[in-house]
Amino acid sequence: MTSGLWERVLDGVWVTIQLLVLSALLATAVSFVVGIARTHRLWIVRFLAGFYTEVFRGTSALVMIFWVFFVLPPAFGWQLVPLWAGTLALGLTYGAYGSEIVRGALAAVDPAQREGGIALSFTPWQRMRLILLPQAVPEMIPPFSNLLIELLKGTALVSIMGMGDLAFSANLVRLALQESAEIYTYILLIYFVIAFLLTRSMRGLEKKLKAGVGKAPKKKAAVRVPEGSGVS
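These lines cover the structure that appears in this document, whether it is placed above or below. For every chain, the first residue of its written sequence is number 1, and the numbers climb from 1 along that sequence. Residues qualify for local features only when their pLDDT is at least 70, as the model is predicted, and side-chain atom pairs are given and counted only at 80 or more; totals for whole chains, interfaces and linings, by contrast, use all residues. Working from all heavy atoms in the structure, the side-chain values ignore hydrogens and water.

## Considerations on the layout of surface pockets
Here is step 1: Grid spacing is 1 Å over the protein atoms alone, the probe is 1.4 Å, and a cavity is where that probe fits but cannot get out, while a pocket is an open set with protein on both sides within 12 Å along at least five of seven lines and lining residues have an atom within 4 Å of a point. Grid points are joined across faces, edges and corners, and a volume is the space filled by probe spheres set on the points. In this model, the largest pocket occupies a volume close to 320 Å³.
Here is step 2: Along the walls of the largest pocket sit Ile 36, Thr 39, His 40, Arg 41, Leu 106, Arg 114, Pro 124, Trp 125, Arg 127, Met 128 and Leu 132, which together make up its complete lining.
Here is step 3: Numbering of helices and strands starts at the N terminus; helices are DSSP runs of H or I of at least 4 residues and strands are runs of E of at least 2. It is helix H6 (residues 124-154) that contributes the most residues to the lining of the largest pocket, five residues altogether.
Here is step 4: Put simply, Ala, Val, Leu, Ile, Met, Phe, Trp, Tyr, Cys and Pro go in the nonpolar bin, Asp, Glu, Lys and Arg in the charged bin, and everything else, Gly too, in the polar bin. Here the lining of the largest pocket is composed, by residue class, of six nonpolar, two polar and three charged.
Here is step 5: The calculated volume of the second largest pocket comes to roughly 230 Å³.
Here is step 6: What lines the second largest pocket is a set of 13 residues, among which Ala 24, Thr 28, Phe 144, Leu 148 and Met 202 lie closest to the centre.
Here is step 7: Secondary-structure elements contributing two or more residues to the lining of the second largest pocket are helix H1 (3-37), H6 and helix H8 (180-212).

## Some words on the packing of aromatic side chains
Here is step 1: Ring geometry is summarised as follows: Phe, Tyr and Trp rings, the Trp one being its six-membered ring, pair when their centres sit within 6.5 Å, and such pairs are stacked at plane angles under 30 degrees, edge-to-face over 60 and tilted between the two. For the coordinates displayed, the defined rule picks out eight aromatic pairs.
Here is step 2: Look at Phe 32 and Phe 144: their rings are 6.2 Å apart centre to centre, the planes differ by 25 degrees, and that puts the pair in the stacked class. Here the residue Phe 32 occupies a position in helix H1, and Phe 144 occupies one in helix H6, the gap between them amounting to 112 residues.
Here is step 3: Burial classification: accessible surface area is computed with a 1.4 Å probe over protein chains only, and a residue below 20% of its type maximum counts as buried, one above 50% as exposed, and the rest as partly exposed. A relative accessible area of 23% means that Phe 32 is categorised as partly exposed.
Here is step 4: Owing to a relative accessible area of 13%, Phe 144 belongs among the buried residues under this scheme.
Here is step 5: Summarising the aromatic geometry, the rings of Tyr 94 and Tyr 97 are spaced 6.3 Å apart at their centres and angled 45 degrees between planes, so their arrangement reads as tilted. You can see Tyr 94 and its partner Tyr 97 sitting in helix H4 (residues 82-107), three residues apart, about one turn around the helix.

What follows is the structure in structure tokens.
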């Protein structure tokens, strides 16, 4: 490929990374707000949070992008740029999946920990902030890592809006060169590299968080062979 075509691909990589970061931030915020709401003592709060989760888990991310970009703006008399439309649609959709991760991790915390907080006269928010979340968050990292990879792959859906992400830019280069195998092989490799870096980063974060709550993996002790055992 010429330098100009490579520049277009790199511009697409940058757009994809921007979309990934913004939608991941929104999805994370939605995950914690809705996930914690699913454990609320008031049934109406649990119902609304559960309703949101079921609606967004039961709809297609592709159709949601269409709806946010083509249907929602005219109803309010304004127009979203593709980047923000993609961020909103992907963040809300993947946030619904993330909320179940948060809810499940909170439910997995030992009930004795909750009882200890009650015995210390902690408010519900203090129990959540000081006891439950510090223990639950490290357990959320592996499933959140998988969800982040799925979000990365989901960013390719925004190309239907004409947004110059990696998938859209690659298709333009393919049309210019009339070469599919080479271009799509490069794009697969780029997605793989981004996903690999995300996975390694999330593993490092998981180890750091688990070390903070005393759950760091123990190093295996070397096996000592007694002298005279005949094993060399």
